Amino acid sequence: MITPVILCGGSGTRLWPLSRKSYPKQFSKLIGDQSLFQMSASRVKGDGYTAPLVLTNSDFRFIVAEQLTEIGIDPGAVLIEPEGRNTAPAILAAALYLLEKDKDAMILVLPSDHNVPDADHFSKTVQTGKDAALAGNLVAFGIGPTRPESGYGYLELESPSANGEAVKLRRFVEKPDVATAQKMLDAGNFLWNAGIFLFKAQTIVDAFKENKSDLMTPVKRAIDEAETDLGFLRLAPEPWSEAEDISIDYAVMEKAKNLSAVPFSGGWSDLGDWDSVWRETKGDDDGLVTSGAAIGIDCKNTLLRSEAKGTEIVGIGLENIVAIAMPDAVLVADKSRAQDVKLAVDALKQKKSNQAVQFPRDHRPWGSFESLYMGSRFQVKRIVVKPGGILSLQSHVHRSEHWVVVEGTAKVTIGDVVKLVSDNESVYIPLGEKHRMENPGKVPMVLIEVQTGSYLGEDDIVRYEDVYARD
């Protein structure tokens, strides 16, 4: 059996404003009816696979569990990284964790944000690499290049693969310039590096011992001293912080001798920027792709996308343009500059703009909320609580609140009083009063919250009880 190890901690800044640090692209429905993370998990379920092991951070742990449950997949083990340390420590942690349970464990490492439309073809390709992995090789899966792409790393094969079989991998190649990429495309023995790997857990641990032994002690300590938290496994923060921030390519793959590569000839994209989203989405005869409330008139090779409910985006006479509308930010860029969107994020960070990292809708284990309007001493929010969702018992030092239920029924605690509040009913929470709300129903409950006070930040919360064990 193969255990999928899904790496789920990236921020995807080149897909801003849809992808942000607080809610990155892997959890969004960029293409189709599932998020990229759900598509990745769905691709490796069924015969031959165990439940996935996911590595993520504390902020995303409930999103991971919820999205897997939505598509009928047992979340399996979810390892929480105290901080991002790149792919090498994460993969080593997964291997050490699985070895404790099964000395013969085999690992398929997957990014959580790629688009692979043909899941059957992908699984057959994984099976092609299984014999090489069982023989003690570190197997990398590469994509047959279709253009001289300078945004990807490459795999150089000893010789072109016959019939898609595993062949010896000569070396990893860093992202080239366009001219070098064209030469590699013409040579015929280069693949795009997809960041997908297959190996026995013991094989990769031995490779770390040989090529990057200084990672072994801190990562093993982080596993040994890990603590269980509501079904998640929190890696110990102190030893984890001592692990070098380094990718699996630099740490092991570029040094190891037992390397093989398997070409994947099905459709694939890392959806790394808006140009790739445009390329992977079916448009009209002129290459116009629209999503949401978007209209294009006489537009060519253009992506128009509205993620803001009630906001229409209209393009006229555009060519090679990306225009993305969110409730709090709009991106307009030449498609050839799609890789530079991260520069906009850097500029917004310098301005200390919330839009740089904060998604307009905040996701919580009990549901979500979004700010509808912010004044100097008041704020209006829309709050959605999932069935069974319970907010923490809390109070505020600087603000009072009015709650108006507009859909469903809320069970509200204010001080010592507990009561049900139905739609079109409201309650008032005085400053400093302990309070909580929960949804006892079977449908989402929606309320409008009006905050008034001298300070309205999210850190003005004193928690007394929390079923989700948040600090």
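Residues numbered from 1 in each chain as written. Predicted model: local features only at pLDDT ≥ 70, side-chain atom pairs only at ≥ 80, totals over all residues. Heavy atoms only, no water.

Attention now moves to the overall build of the chain. Of the regular secondary structure elements, the chain holds eleven helices and 28 strands. Expected size for 471 residues packed as a compact globule is a radius of gyration near 23 Å; at 24 Å, the chain falls within 12% of this value. Principal axes of the C-alpha set define a box for the chain whose edges measure 70 × 60 × 40 Å. Expressed as a percentage of its 471 residues, the buried residues of the chain come to 52%. Here the contacts in the chain between residues at least 6 apart in sequence split such that 69% fall between residues at least 24 apart. When the accessible surface of the chain is totalled, it reaches about 21,400 Å², and 49% of it is carbon and sulfur. Each charge class in the chain can be summarised by its mean position, and for the 52 positive and 66 negative side chains these summaries are 1 Å apart. (Helix = DSSP H or I, 4+ residues; strand = E, 2+ residues; numbered from the N terminus. Rg over C-alpha atoms; globule rule 2.2 N^0.38 Å. Buried < 20%, exposed > 50% of the residue type's maximum accessible area, 1.4 Å probe, protein only. Contact = heavy atoms within 4.5 Å. Areas by Shrake-Rupley, 256 points an atom, 1.4 Å probe, with all protein chains shown as cover. Lys, Arg positive; Asp, Glu negative; His and termini not counted. Charge placed at Lys NZ, Arg CZ, Asp CG, Glu CD.)

A few words now on the packing of aromatic side chains. Within this structure, the stated rule accounts for eleven aromatic pairs. Ring centres 5.1 Å apart and planes at 40° place the aromatic pair Tyr23 and Phe359 in the tilted group. Pair noted here: Tyr23 is in the loop between strand 1 (2-7) and helix 1 (36-43) and Phe359 is in the loop between helix 11 (341-350) and strand 18 (361-364), with a separation of 336 residues, a long-range link. Between Trp192 and Trp268, the ring centres sit 6.2 Å apart and the planes meet at 45°, which makes this aromatic pair tilted. Taken together, the residues span a long stretch of sequence, with Trp192 in strand 8 (residues 190-200) and Trp268 in the loop between strand 11 (259-264) and helix 10 (274-280) at a distance of 76 residues. The class of Trp268 is buried, set by a relative accessible area of 8%. Cation over ring: Lys335 sits above Trp278, and NZ or CZ is 3.6 Å from the ring centre. (Phe/Tyr/Trp six-rings, centres within 6.5 Å; stacked < 30°, edge-to-face > 60°. Lys NZ or Arg CZ within 6 Å of the ring centre and 35° of its normal.)

The buried count for helix 2 (residues 61-70) comes to seven of ten residues, which makes it a mostly enclosed element. Within the sequence span of helix 2, burial applies to Arg61, Phe62, Ile63, Val64, Ala65, Gln67 and Leu68. Buried residues along helix 2 sit against helix 1, strand 2 (53-57), strand 3 (78-81), strand 9 (227-229), strand 10 (232-234) and strand 18. Within two residues after helix 2, Gly72 carries a phi angle of roughly 75°, on the positive side.

This part covers empty space enclosed by the protein. This model, assessed by the stated rule, comprises one cavity of 30 Å³ or more. In this structure, the largest cavity occupies an estimated 30 Å³ of space. Lining the largest cavity are Ser40, Arg43, Leu110, Pro111, His114 and Ile196. Of all the elements in the fold, those that place two or more residues in the lining of the largest cavity are helix 1 and strand 4 (106-111). Within the lining of the largest cavity, the residues separate by chemical class into three nonpolar, two polar and one charged. (1 Å grid on protein atoms, 1.4 Å probe; cavity = no way out; pocket = protein on both sides within 12 Å on 5 of 7 lines; lining within 4 Å. Points joined across faces, edges and corners; volume = space filled by probe spheres on them. Nonpolar A, V, L, I, M, F, W, Y, C, P; charged D, E, K, R; others polar.)

Here helix 3 (residues 87-99) crosses helix 7 (residues 216-224) at 55°, and the two axes come no closer than 9 Å. Comparing their axes, helix 7 and helix 3 come out oblique. Judged by the twist between their axes, the crossing of helix 3 over helix 7 is right-handed. Contact residues: helix 3 offers Pro89, Leu92, Ala93, Leu96 and Tyr97, while helix 7 offers Met216, Val219, Lys220 and Ile223. A per-class count over the contact of helix 3 with helix 7 returns eight nonpolar, no polar and one charged. (Axes fitted to C-alpha atoms, helices over the stretch in contact; angles between N-to-C directions. Parallel < 35°, antiparallel > 145°, perpendicular 65-115°, else oblique. Left-handed = near helix turned anticlockwise from the far one by under 90°.)

In this model, the second largest pocket occupies a volume close to 1,000 Å³. At the level of elements, helix 2, strand 18, strand 19 (367-374) and strand 20 (378-385) are the ones that each hand at least two residues to the lining of the second largest pocket. No other element matches the five residues that helix 2 contributes to the lining of the second largest pocket. The class makeup of the residues in the lining of the second largest pocket is 14 nonpolar, eight polar and eleven charged.

Looking now at the UniProt feature "domain: Mannose-6-phosphate isomerase type II C-terminal" (unreviewed entry) in the chain. Under the feature "domain: Mannose-6-phosphate isomerase type II C-terminal" (unreviewed entry), the UniProt entry names residues 358-466. End-to-end, the C-alpha atoms of residues 358-466 are 23 Å apart, and along that stretch the chain is 0% helix and 60% strand. (UniProt positions renumbered as here; feature names shortened; annotations may be inferred.)

Here we come to unusual backbone geometry. Cis geometry is adopted by the peptide bond preceding Pro17, which originates at Trp16 and carries an omega value of 10°. One can find Pro17 in the loop between strand 1 and helix 1. Its identity is not glycine, yet Leu230 carries a phi of approximately 50°, on the positive side. Mapping Leu230 onto the fold places it in the loop between strand 9 and strand 10. Taking the relative accessible area as the measure of exposure, Leu230 reaches 47% and is therefore partly exposed. Despite not being glycine, Lys352 shows a phi value in the positive range, around 60°. Its location among the elements puts Lys352 in the loop between helix 11 and strand 18.

A word on a negative patch on the surface. A cluster of acidic side chains, namely Asp284, Asp285, Asp286 and Asp298, defines a negative patch on the protein surface. Mapped onto the elements, Asp286 comes out in the loop between helix 10 and strand 12 (288-291). (Patch = residues over 30% accessible without salt bridge, like charges linked within 9 Å, V, L, I, M, F, W, Y side chains within 5 Å. Salt bridge = Lys/Arg side-chain N within 4 Å of Asp/Glu carboxyl O.)

If you look at the biggest cluster of nonpolar residues, it comprises 86 residues, and the most contacted ones within it are Leu108, Phe122, Leu198 and Trp274. Beyond its immediate chain neighbours, meaning those up to four positions away, Phe122 contacts Arg43, Val44, Leu108, Leu110, Val116, Ile196 and Phe264. The next biggest cluster of nonpolar side chains, apart from the first, holds 52 residues, and it includes Leu53, Leu169, Phe208 and Leu215. (Core = buried A, V, L, I, M, F, W, Y, C linked by side-chain atoms within 4.5 Å.)

Attention shifts here to a nonpolar patch on the surface. Taken together, the side chains of Ile295, Ile297, Val314 and Ile316 present a nonpolar region at the surface, about 370 Å² in accessible area. Of all the secondary-structure elements, those providing two or more residues to the nonpolar patch are strand 13 (294-297) and strand 15 (313-316). Tracing the backbone shows Val314 in strand 15.

Once that is clear, we can look at the environment of Thr311. Turning to its location among the elements, Thr311 is positioned in the loop between strand 14 (302-306) and strand 15. The spatial distance from the C-alpha of Thr311 to the C-alpha of Ser368 is 21 Å, given a sequence separation of 57 residues.

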